[in-house]
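# Tertiary structure, described
Here's the letter readout for the chains.
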Amino acid sequence: MEISRRTFLKLSGLGLLGLLGAPVIDVLAKTDRARVARAPGALTAKRWALVVDMRKCWENGKGTCRDCILACHREHNVPDIPEEKEQVRWIWTEPYENAFPEQGHQIGAALSGKPFLVLCNHCSDPPCVRVCPTRATFKREDGIVMMDYHRCIGCRYCMAACPYGARSFNFTDPRPFINSVNPAYPTRERGVVEKCNFCEERLAAGSPPACAAACRYGALVFGDLEDPGSAVREILRTRYTIRRKPELGTRPNIYYVVG
Amino acid sequence: MIEKALTGSKRYWGWVILLLALMGAGLGCYLLQLSRGLTITGMSRDVSWGLYIGQFTFLVGVAASAVMVVLPYYLHNVREFGRITVFGEFLAVAAVIMCLLFVIVDLGKPMRVFNMILYPTPNSILFWDMVVLTGYLLLNLVIGWNVLEAERNEVPPPRWVKTLVYVSIPWAISIHTVTAFLYAGLPGRHYWLNPLLAARFLASAFASGPALVIILAFVMRKFSSFDAGREAIGKLALIVTYALTTSMFFLGLELFTALYSRVPGHGLPTIEYLFTGKDGTGNLVPVMWASVALGLVAAYLLINPATRRRESTLLFACAATFVSIWLEKGIGLVIGGFIPNPFEKITEYAPTMPEILITVGVWATGLLILTGLCKIAISVKQATGHAASPSCGASASPPQNSA
Ligand code: SF4
Ligand code: SF4
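These lines cover the structure that appears in this document, whether it is placed above or below. Since the model is a prediction, treat every value here as computed from it, not as a measurement.

### So, the overall build of chain A
Of the regular secondary structure elements, chain A holds nine helices and ten strands. Out of the 259 residues in chain A, the part that is buried amounts to 52%. When contacts within chain A are restricted to residue pairs at least 6 apart in sequence, long-range pairs at least 24 apart make up 65% of them.

### Focus: the overall build of chain B
Scanning chain B for helices and strands turns up 15 helices and zero strands. Here the C-alpha atoms of chain B give a radius of gyration of 21 Å, agreeing with the 22 Å that 2.2 N^0.38 yields for 403 residues. Once the C-alpha set of chain B is aligned to its principal axes, its extents read approximately 65 × 50 × 40 Å. Scored against the burial criterion, the 403 residues of chain B give a buried share of 59%. Of the contacts made within chain B by residues no fewer than 6 positions apart, 79% connect residues no fewer than 24 positions apart. With an accessible surface of roughly 15500 Å², chain B has 72% of that area assigned to carbon and sulfur atoms. Computing the positive centroid from 27 side-chain charges and the negative centroid from 19, chain B places the two 5 Å apart.

### Let's talk about empty space enclosed by the protein
Applying the stated rule across the entire model yields seven cavities of 30 Å³ or more. Approximately 210 Å³ is the volume attributed to the largest cavity. Lining the largest cavity are 18 residues, and of these G188, H190, P340, N341 and E344 of chain B sit closest to its centre. Residue composition of the lining of the largest cavity, by class: seven nonpolar, six polar and five charged. Estimates place the volume of the second largest cavity at around 110 Å³. Contributing to the lining of the second largest cavity are 14 residues, with C72, C196, F198, C199 and C211 of chain A lying nearest its centre. Taken together, the residues of the lining of the second largest cavity sort by class into twelve nonpolar, two polar and no charged.

### Structural notes on the interface of chain A and chain B
With 52 residues of chain A at the contact, the number on the chain B side is 45 residues. In total, about 4000 Å² of surface goes out of reach between chain A and chain B, with carbon and sulfur atoms giving 52% of it. The interface formed by chain A and chain B holds four salt bridges in total. Linking E94 of chain A and K345 of chain B is a salt bridge whose minimum nitrogen-to-oxygen distance equals 2.6 Å. Joining chain A to chain B, the criterion identifies 33 residue pairs in polar contact (both at pLDDT 80 or more).

### So, the site of ligand 1
Every one of the 13 residues lining ligand 1 counts as a neighbour, but C120, N121, C123, C128 and C162 of chain A are closest to it. Of the residues belonging to the shell around ligand 1, the class tally is nine nonpolar, two polar and two charged.

### Some remarks on the site of ligand 2
Residues in contact with ligand 2 amount to 13 residues; listed here are only the nearest, C132, C152, C155, R156 and C158 of chain A. Per-class residue counts for the shell around ligand 2 are nine nonpolar, three polar and one charged.

### Observations concerning the side chain of H176 of chain B
Residue and element names in this part refer to chain B. Structurally, H176 is set in helix α7 (residues 159–184). The class of H176 is buried, set by a relative accessible area of 0%. Not counting residues within four places of it along the chain, the set of residues in contact with H176 comprises T57, V60, G61, A64, F201, L202, A205 and K329.

### Things to note about the layout of surface pockets
Residues and elements named next belong to chain B. For the largest pocket, the calculated volume is near 900 Å³. Lining the largest pocket are 27 residues; nearest its centre among them are W15, L216, V219, F223 and T371. Elements with a minimum of two residues in the lining of the largest pocket: α1 (10–36), α2 (51–64), α4 (85–106), α8 (197–223) and α14 (353–383). Among the residues forming the lining of the largest pocket, the class breakdown is 19 nonpolar, six polar and two charged.

### Considerations on the packing of aromatic side chains
Going through the model one piece at a time under the given rule, you end up with 25 aromatic pairs over all chains. For the ring pair W49 of chain B and Y183 of chain B, a centre distance of 6.1 Å and an interplane angle of 80° mean the geometry is edge-to-face. Of this pair, W49 of chain B sits in the loop between α1 and α2 while Y183 of chain B is found in helix α7, placing the two residues 134 residues apart along the sequence. Overall, the relative accessible area of 4% leaves W49 of chain B in the buried class. Centre to centre, the rings of F275 of chain B and W289 of chain B are 5.5 Å apart; their planes meet at 80°, and the pair counts as edge-to-face. A residue pair is termed long-range when its members are at least 10 positions apart, and F275 of chain B in helix α10 (residues 268–276) and W289 of chain B in helix α11 (residues 285–303) qualify at 14 residues. Counting every residue linked through ring pairs, the aromatic cluster contains Y157 of chain A together with W49, Y183, W192, F201 and F338 of chain B. R156 of chain A extends its terminal NZ or CZ atom over the ring of F169 of chain A, reaching a point 5.1 Å from the ring centre.

### Side note on unusual backbone geometry
A cis amide bond links I339 of chain B to the next residue, P340 of chain B, at an omega of -5°. The residue R251 of chain A is not glycine, and still its phi comes out positive at about 50°. Examined against the element boundaries, R251 of chain A turns out to sit in the loop between β9 (241–242) and β10 (254–257). Classification of R251 of chain A as partly exposed rests on a relative accessible area of 45%.

### Let's talk about the sheet that holds strand β8 (residues 220–224) of chain A
Sheets are built from strands that pair by backbone hydrogen bonding, the pairs being arranged parallel or antiparallel. Residue and element names in this part refer to chain A. One open sheet holds the four strands; their spatial order is β8-β1-β10-β9, and the pairing between them is mixed. This sheet does not close on itself; its edge strands, each paired only once, are β8 and β9. By the bridge criterion, five bridges tie strand β1 (residues 48–53) to β8 in an arrangement that is antiparallel. Along β8, the bridge assignment pairs V51 with V221. Lying on the sheet, helix α9 (residues 231–238) is in contact with β1, β8, β9 and β10; it crosses β8 at an angle near 110°.

### Some points on the packing of α2 of chain B against helix α13 (residues 311–336) of chain B
Residue and element names in this part refer to chain B. Across the interface, α2 lies against α13 with an axial gap of 8 Å and an inter-helix angle of 135°. Put simply, α2 runs oblique to α13. Every pair of crossing elements has a handedness; the one defined by α2 and α13 is right-handed. Seen from α2, the contacting residues are L51, I53, G54, Q55, T57, F58, G61 and V62; seen from α13, they are F322, I325, W326, K329, G330, I331 and V334. In the contact of α2 with α13, the residues fall into nine nonpolar, five polar and one charged.

### A short note on helix α2 (residues 54–61) of chain A
Residues and elements named next belong to chain A. When α2 is considered as a whole, its buried residues turn out to be M54, W58 and G61. End-on view of α2: buried residues confined to an arc of 100°, all on one side of the axis. Two or three places before R55, at the opening of α2, D53 has a side-chain oxygen 3.2 Å from that residue's backbone nitrogen. Looking one or two places after α2, you find K62, whose phi comes out positive at around 55°.

The rules we used
Residues numbered from 1 in each chain as written. Chains lettered and ligands numbered in written order. Predicted model: local features only at pLDDT ≥ 70, side-chain atom pairs only at ≥ 80, totals over all residues. Heavy atoms only, no water. Helix = DSSP H or I, 4+ residues; strand = E, 2+ residues; numbered from the N terminus. Buried < 20%, exposed > 50% of the residue type's maximum accessible area, 1.4 Å probe, protein only. Contact = heavy atoms within 4.5 Å. Rg over C-alpha atoms; globule rule 2.2 N^0.38 Å. Areas by Shrake-Rupley, 256 points an atom, 1.4 Å probe, with all protein chains shown as cover. Lys, Arg positive; Asp, Glu negative; His and termini not counted. Charge placed at Lys NZ, Arg CZ, Asp CG, Glu CD. 1 Å grid on protein atoms, 1.4 Å probe; cavity = no way out; pocket = protein on both sides within 12 Å on 5 of 7 lines; lining within 4 Å. Points joined across faces, edges and corners; volume = space filled by probe spheres on them. Nonpolar A, V, L, I, M, F, W, Y, C, P; charged D, E, K, R; others polar. Buried area = accessible area lost by both parts, 1.4 Å probe. Salt bridge = Lys/Arg side-chain N within 4 Å of Asp/Glu carboxyl O. Polar contact = N/O pair within 3.5 Å; in protein donor to acceptor, adjacent residues only side chain to side chain. Near = heavy atom within 4 Å. Phe/Tyr/Trp six-rings, centres within 6.5 Å; stacked < 30°, edge-to-face > 60°. Lys NZ or Arg CZ within 6 Å of the ring centre and 35° of its normal. Pairing = 2+ DSSP bridges. Axes fitted to C-alpha atoms, helices over the stretch in contact; angles between N-to-C directions. Parallel < 35°, antiparallel > 145°, perpendicular 65-115°, else oblique. Left-handed = near helix turned anticlockwise from the far one by under 90°. Arc of directions from axis to C-beta.

Here's what the structure looks like:
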C-alpha cells in the first residue's frame, strides 16, 4: 500500500512536472520567434516607423483622396462592413479633435476638423501585447506589433487596452464583405481581432508598405527610426511632428507632420 | 452525498425544472451565437465588452465575499457563523462557475480557450485571473465538501482542511483584486485607470455577497427546516452595513476627484455620460441613478438599528443592496469604461434579447448548482439534527483554535 502510494505520487509528480515543464520550455523557445531567418532582399530595420505628412495629404489629396486606405484594405482583404458598429478598419481618417483629443485646443483653429490618417501606432511599449493572454498579439524585434489570427481566442482584452481604437473584432464572418479577394493574403474568420501589420508580408518580399507605395504625393514615409540617415529621421529633424496621446507612455511609432 | 440533491418536494422539483428551462433557453441562444458569432449581441467595435463581462466582474465579487462568513468564524471564532460557513463556500463555488461560464460565452473563439493554458502568459492579468479563479473554485469545493462530510459523520473536519481554509482567506481577496487589475492597469481607459478600483471592488463585494447570504438564509428558513439563527443574520447585516457605506464612500471619493478637478483623465467624460448623459445619449443614466437611490435607501435602513433588526426591512435592504451594486458594477462600470471611445465619440450599448437570454441561462446554471449544493448541506444538517435549533447549532463543527 505504502509503496504503491509513493510510486503513484512520484509518477503523478513527474506528470505534473511534464505538464508545467512543456509550456516553460515553450516560453524559452518562443523568445526567438522574431528571429526567424529573413528572406534575402527583405527590408529590415531596428525600429520601423511611419511619418505621415498631413500637409502634403491635405494640399494634394484635398481630403477626398483615399488611395492609401483602399490599397491597404485591398491588399489585406479587409472587409467592407456597412454596419458601423462592426466595421473592420486598418487605416482610416478621424478629425483632428478626435485623433488628438487631449491636444484638441492647443494648436489652434488651423488643424481643427482636418482629417488625420489613423492606424495602429506599433507602439514601442504596446498595452495590447501586455494584456493578451495567449500571445496572439506580440511585438517583433523590429517593432512591428503582430497578430496571430490562429492563436487569438477573441477575448477582446487587447481592444480594451489599446488607447488608440486601432483594433477591430470580426463580429461576423468577414468573407462575404470582401469585394475582391487578394489570394496572396489570408482572409480572416469570425471571432478574431485584427489590425494593421505594417505590411510585414510586403517587407519580407522587399517592398514598402502598401499605403506608402500607393500615395502619389509621397505623404507617407516609411523607414528605420534607429538609422540616423533614414528619410524618417530627416523629416523628424527638420519638421514639426506630433504623435497621438504621448502622455500615455506607449511611445507610438507613427509621426504626423503638421507644420 | 450527491443523492441528497435528487430527492425533494414538488416545489423543489418545480424550481429545478424552471431553472432547467431557463438554461435550455440560454443554451439555444448560445448555439445561435456559436453559429452566427458575437454579432447577435449588442457589443461593438467601441463597446467591446458588455453584459457578459459585467456579470463576470460582479460575480467574482460575490464569490470573494464568501470570505465574510468564513473569516469571522475561523479567525475570530464567531461561533454564530458555524452553521452557515458551508453555505458561503457553496455560494462561492456557484459564483465562480458562473464567472468561468461568462468568460467562455464572451469569447469569439471558445474552442481555443485552452490557448490560455497552452501558452501561459505571465504578463497578462487575464492569465492570472484564470489561475486564481480556478484555484479558488477548487479550494471552496474541497473545503465545503469536507466540512460537510465531517459534519455528517459528526467528527471535526481533518486538520488539512483548516489549513486550506486559512489559504482560502487571502485567496478570496486575491480573486477580486486581480479582477480589478484587469481594468485598473489599462492606459487610456480613464474611468478604470484608478488605484482605488480594487478597494472599491472589495467593499462593494463585501456588501453584495453577504446581502445575498442573508436572502438565502431567509429562503432556506421558509422552504426548509434550516434556520441560520438570528445572531448570525444580525452579524451579517452589520457586515453589509459597514461594507455598503464604505463602498458608497469610495464611489464618492472618485466622483469628487473627477468632478472637482475637472481633469478628463480622471474619468470625467464617462461620469458625465453615466450620470447626466452626453450629446443626447444616456442609456445608462436611469441605471446609475437607480443604483444610487437603492444604495441610499439600503444604507438608511441598515444604519438604523430598528429597521436593520426588523426582518421585513432587513430583507428589503439586502435586496436593494444587491441590486444597487449589481447595477453599478455589473453594468455601469464595465460599459461606462468604454464610453466615450478613444476618439471621444459616444457609441451606446444595449444588450440584445439573445444576449440577455444567454446571461439568464448562465445565472440559472449557477442557481441550479447553488440549489443542489444547499439541498445537500441542508439534508446533512437535518440528518445530524443541526438544522432547526439555533442554540445548539453553533457547535456543529467548532473551530479548533479557541483564540
Ligand atoms: S496602437 Fe493599439 S493596437 Fe497598435 S500597438 Fe499600440 S496599443 Fe497595440
Ligand atoms: S482578442 Fe485575441 S489578440 Fe486580443 S487579447 Fe484576446 S487573444 Fe489576444
